[in-house]
Amino acid sequence: MDRATPMPAMPEKNKSGLAGFLKFVVRHRALYIMLIPGLAYLIIFKYIPLAGSVIAFQDFNIFRGIWNSPWVGFKWFEQFFTYPQLRRLLFNTIIISFYQLIFAFPAPILLALLLNEVRKMAFKRTVQTIVYLPHFFSWTIVFGFTYMILSVQTGLLNSLIESLGFERINFLQKAEYFRTIIVGTGIWKETGWSAIIFLAALAGINPSLYEAAKIDGANRFRQLWHITLPGILPTIVIMLLLRIGNILDLGAEQIYMFLNELTYRTGDVLDTYTYRIGILGGQYSLTTAIGLFKSVVGFLLMVTANQLSKKITGEGLY
Amino acid sequence: MAIKRSLGEKIFDACNVIFLVLASLLVVIPVVHVIAGSFSSTQALIQNKVFLVPVDFNLDNYKLVIQNETFWETFKNSVLLVIVGTAINMVMTLVTAYPLSKSYLKGRKVFILAFVFTMIFHAPLIPSYILIRNLGLLDTFWALVVPPAIGMFNLIMCITFFRSLPEELFEAARVDGMGEYRILWKIAVPLSMPIVVTLLLFYAVNHWNSYFNALIYITDRKLYPLQLYLYHLLAEANAIDNYRGVNTLASLDTSPQGLQLATIVVATVPIVIIYPFLQKHFIKGAMLGSLKE
């Protein structure tokens with residue numbers, strides 16, 4: 001099967017047309033055969049579900065299947081935008097994403113800038129080793145840590161609150177704390193790791209720029225403002241646009257772990273609702289409509305972000 | 001290196017060090033607190049005596065974990081998941097990336113676009129779920145390892161790396177009569193060890209850490225991975241917390257908190273063991289990931 005193709009892999013003269021292409025395929029069949037499992041996977045597990053999204057326009061019944069379920073047009077999408085309970089999901093998703101953008105996005109930039117100013121390498125490396133670690137913890141484990149801090153009975157923070165003479169607060173069961181906890185634990189887990197890319201950008205700045213600035217009498221704050229920040233701006237822009245492209249994608253791994261009935265009001269998002277009502281509740285069409293909406297918005301944002309990125313920084317994602 | 005530093009710079013440096021130390025402590029304290037708790041007695045835990053050192057140091061919680069059959073069952077499932085899942089990931093990713101890294105391959109752009117498109121337009125969850133169901137994979141081990149067989153981001157990373165290898169090398173091998181598969185395993189892979197190790201770790205950590213897939217596709221408790229068991233354990237603790245309310249005292253004899261803590265620690269141990277490798281390779285990976293096709 002994987003008989004050597006005798007042809008050395010020189011770029012072919014462009015023989016246009018089907019015949020030339022087929023000849024090429026036959027000559028390099030080993031490479032095309034290698035592609036088969038990957039393409040089969042792609043079609044079965046990515047494109048068939050994509051095509052299966054048509055059930056968003058049906059009143060899908062698992063027993064009748066896609067072919068026999070009645071078509072209902074945009075009924076589910078209309079519901080999604082008109083039912084207050086469903087609008088709440090969209091609002092929760094966007095507001096949590098927005099908080100993350102404001103608080104969690106700048107954190108690694110700040111951390112990278114501060115780490116970059118450290119002169120003792122051993123100290124820098126120690127801090128890096130520590131702050132990268134939480135990235136590799138699962139969300140269940142991060143929840144375990146959070147629980148030990150915030151739990152009403154045994155949480156460290158609650159012990160502190162009580163010792164100061166205040167009443168214990170049930171942080172994990174109160175809707176008003178949910179978003180803060182999600183953003184906070186997100187910062188705790190990912191800031192260190194996300195700083196790596198900015199540290200790399202910082203390392204890429206030409207040191208002679210700093211030398212020249214020093215000779216001109218610029219202190220470190222002026223160097224930061226006039227050299228460092230412009231130096232990492234392209235990276236910041238790319239990461240920001242990427243983040244905006246994913247605005248409706250909050251990790252279900254995280255949110256679902258922290259969520260409970262008492263925090264649905266502020267914390268139930270598109271993904272968690274899809275799991276509960278779709279997979280557990282069997283409302284396949286409605287939740288597919290929600291998923292499809294998410295995909296389309298994500299796609300549009302991503303494409304727009306990429307165009308913008310190309311325009312601003314000359315770099316795109318693809 | 002400038003030796004003269006202004007007062008302002010000195011103050012800044014001092015503040016910077018203090019801030020970074022505080023940030024590190026913020027990461028370390030919750031972890032140490034849980035470790036300390038896992039070695040403490042139930043009594044000490046309930047009375048909130050534990051901060052960063054164990055109180056009434058003992059191994060009872062770990063004995064509970066070791067005696068816990070559910071723990072071992074889910075632990076075994078997770079190990080199997082990591083081994084089989086990562087093996088499938090690696091074979092699929094490498095075999096797919098290799099032909100796609102050949103710039104002379106006709107149709108390459110179309111193929112790559114087909115893969116990249118799924119990164120920017122995700123299929124919704126429910127149709128995937130229905131597919132898995134129709135394939136009869138629901139409530140099987142395969143539902144956890146086959147659907148995530150290729151990580152698109154990892155695939156792109158791998159293609160990018162393969163492309164940096166000199167094509168002359170492969171041509172020489174072809175002249176020697178080697179087939180493409182042998183070239184991939186004997187030449188491309190050994191030359192790509194940095195990316196291979198990075199992918200291996202990426203995939204393995206992912207399999208070890210995720211519970212949501214299992215939550216969706218697995219209802220049979222015998223197939224639960226460790227993280228899903230942990231999810232239920234912790235969600236339950238959280239629910240009990242709510243039930244107890246603020247002023248009721250925890251019941252003394254059944255507090256599973258020590259068990260939870262010890263389970264958390266044990267579940268984290270594999271990650272901590274490979275962390276030195278992770279740090280070394282993942283940083284490269286994070287950098288490679290920023291490269292584009």
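What you see is a predicted model, and the numbers here were worked out from it, not measured in a lab.

A. Local environment of the overall build of chain B. Regarding its fold elements, chain B presents 14 helices and 0 strands. Secondary structure of chain B in N-to-C order comes out as α-α-α-α-α-α-α-α-α-α-α-α-α-α. Within chain B, the proportion of its 293 residues that are buried is 38%.

B. Layout of the packing of helix H11 (residues 207–215) of chain A against helix H12 (residues 220–245) of chain A. Residue and element names in this part refer to chain A. Two numbers describe how H11 lies on H12: the axes approach to 10 Å, and their chain directions differ by 145°. The hand of the H11/H12 crossing is right-handed. Every residue of H12 that contacts H11 at Leu-209, Tyr-210 and Ala-213 is listed here: Gln-223, His-226 and Ile-227. Per-class residue counts for the contact of H11 with H12 are 4 nonpolar, 2 polar and no charged.

C. A look at the nonpolar core. By size, the foremost hydrophobic cluster in this structure holds 134 residues, and its most contacted members are Phe-198 and Ile-255 of chain A together with Ala-97, Tyr-98, Cys-158, Ala-214 and Leu-228 of chain B. Broken down by element, this core gets its largest block of residues, 11 residues, from helix H10 (residues 175–203) of chain A. Two domains share this core, each providing at least three of its residues, namely domain 1 (1–58) and domain 2 (70–289) of chain B. Discounting residues that sit within four places of it in the chain, Leu-228 of chain B has contacts with Tyr-211, Ala-214, Leu-215 and Ile-218 of chain B.

D. Structural detail: the domain arrangement of chain B. Residues and elements named next belong to chain B. Segmenting chain B into domains produces domain 1 (1–58) and domain 2 (70–289). On a C-alpha basis, the centroid separation for the pair domain 1 and domain 2 is 32 Å. Taken together, the contact between domain 1 and domain 2 spans 7 residues of the former and 9 residues of the latter. If one sorts the elements of the side of domain 1 that touches domain 2 by residue count, helix H1 (residues 7–38) sits on top with 4 residues.

E. Representation of the interface of chain A and chain B within the structure. Facing 86 residues of chain A, the contacting portion of chain B comprises 89 residues. Tallying contributions element by element places helix H2 (residues 29–52) of chain A first for the side of chain A that touches chain B, with 14 residues. Here the side of chain A that touches chain B is composed, by residue class, of 53 nonpolar, 24 polar and 9 charged.

F. Representation of helix H11 (residues 193–209) of chain B within the structure. For H11 of chain B, which comprises 17 residues, the first-to-last C-alpha distance of 24 Å matches the rise-based estimate of 24 Å (1.5 Å per residue) to within 8%. Inspection of H11 of chain B places Ile-195, Thr-198, Leu-199, Phe-202, Tyr-203, Ala-204, Val-205, His-207, Trp-208 and Asn-209 of chain B among the buried residues, and these make up the whole buried set.

Reading the values: rules and limits
Residues numbered from 1 in each chain as written. Chains lettered and ligands numbered in written order. Predicted model: local features only at pLDDT ≥ 70, side-chain atom pairs only at ≥ 80, totals over all residues. Helix = DSSP H or I, 4+ residues; strand = E, 2+ residues; numbered from the N terminus. Buried ≥ 20, exposed ≤ 12 C-beta atoms within 10 Å, placed from the backbone. Axes fitted to C-alpha atoms, helices over the stretch in contact; angles between N-to-C directions. Left-handed = near helix turned anticlockwise from the far one by under 90°. Contact = placed C-beta atoms within 7 Å. Nonpolar A, V, L, I, M, F, W, Y, C, P; charged D, E, K, R; others polar. Core = buried A, V, L, I, M, F, W, Y, C linked by C-beta atoms within 7 Å. Domains from an automatic or database assignment. Expected span 1.5 Å × (residues − 1).

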